[in-house]
Amino acid sequence: TRGVCNIGKFNYYVGKGAADRGEISFYPDIDFCQNPEATCASDFAHELRWTTAMFEWADRIQKYSGHNWEYMDRLKRFLDGGMADDSFIMSVGRILTADCHE
């Protein structure tokens, strides 16, 4: 998870932010907004690397839609096409690194 917005969302749903609202929280004692390094430096670092990656995948990558390109539509095309063309994989990589499929 990178950037203030993504860290804030992560904190809101699974960190101290959720606990402060009385919601179920996986990490009720970790305030990721105050300590974003907790994903790498806490006692839960190994687990948190996977948790933050899955959160970002679900929140940002799977919801991606831009310039006539929608992740779920392109995933279906990729699978229906036998996963033979690597342009889908390349586009997803660009979404992850540059926030744009092009």
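Reading guide: rules and limits
Residues numbered from 1 in each chain as written. Predicted model: local features only at pLDDT ≥ 70, side-chain atom pairs only at ≥ 80, totals over all residues. Heavy atoms only, no water. Phe/Tyr/Trp six-rings, centres within 6.5 Å; stacked < 30°, edge-to-face > 60°. Helix = DSSP H or I, 4+ residues; strand = E, 2+ residues; numbered from the N terminus. Buried < 20%, exposed > 50% of the residue type's maximum accessible area, 1.4 Å probe, protein only. Lys NZ or Arg CZ within 6 Å of the ring centre and 35° of its normal. pLDDT = per-residue confidence, 0-100. Axes fitted to C-alpha atoms, helices over the stretch in contact; angles between N-to-C directions. Parallel < 35°, antiparallel > 145°, perpendicular 65-115°, else oblique. Left-handed = near helix turned anticlockwise from the far one by under 90°. Contact = heavy atoms within 4.5 Å. Nonpolar A, V, L, I, M, F, W, Y, C, P; charged D, E, K, R; others polar.

Peer 1: What exactly am I supposed to notice about the packing of aromatic side chains here?
Peer 2: One pass over the full model with this rule turns up 11 aromatic pairs. Relative to Phe88, the ring of Tyr71 lies with its centre 5.7 Å away and its plane at 40°, an arrangement referred to as tilted. Here Tyr71, found in helix α5 (residues 71-80), pairs with Phe88, found in helix α6 (residues 87-98); they are 17 residues apart in sequence, far enough to count as distant. When sorted by exposure, Tyr71 lands in the same class as Phe88, which is buried. Ring centres 4.9 Å apart and planes at 25° place the aromatic pair Phe78 and Phe88 in the stacked group. Of this pair, Phe78 sits in helix α5 while Phe88 sits in helix α6, and the two are 10 residues apart along the sequence. The class for Phe88 is buried, based on a relative accessible area of 9%. An aromatic cluster is built from Phe10, Tyr12, Tyr13, Tyr27, Phe32, Phe44 and Phe55, whose rings are joined through pairwise contacts. One residue, Arg21, lies across the ring of Tyr12, its end atom 3.5 Å from the ring centre.

Peer 1: Please clarify how the confidence of the model for the chain should be interpreted in this entry.
Peer 2: Detail in the predicted coordinates should be disregarded across regions flagged by low pLDDT. With 96% of its residues at a pLDDT of 70 or more, the chain has an overall mean of 89. At the low end of the mean pLDDT range in the chain sits helix α1 (residues 3-14), at 83; at the high end sits helix α2 (residues 16-20), at 96.

Peer 1: I'm lost on the packing of α5 against α6 in this one. Help?
Peer 2: When two helices pack together, their arrangement is captured by the angle between the axes and the distance separating the axes. Interaxial distance between α5 and α6 falls to 10 Å at its minimum, and their mutual angle equals 155°. Judged by the angle between their axes, α5 and α6 are roughly antiparallel. The two elements α5 and α6 meet at a crossing, and its hand is left-handed. Contacts between α5 and α6 involve Tyr71, Arg74, Leu75 and Phe78 from the former and Phe88, Ile89 and Val92 from the latter. Considering only residue class, the contact of α5 with α6 consists of 6 nonpolar, no polar and 1 charged.

Peer 1: Is there a simple way to think about the environment of Tyr12 in this case?
Peer 2: With respect to the element layout, Tyr12 can be found in helix α1. For Tyr12, a relative accessible area of 40% corresponds to the partly exposed category. For Tyr12 and Asp31, which are 19 residues apart along the polypeptide, the C-alpha to C-alpha distance reads 9.2 Å. Setting aside residues no more than four positions away along its own chain, Tyr12 makes contact with Gly17, Ala18 and Arg21.

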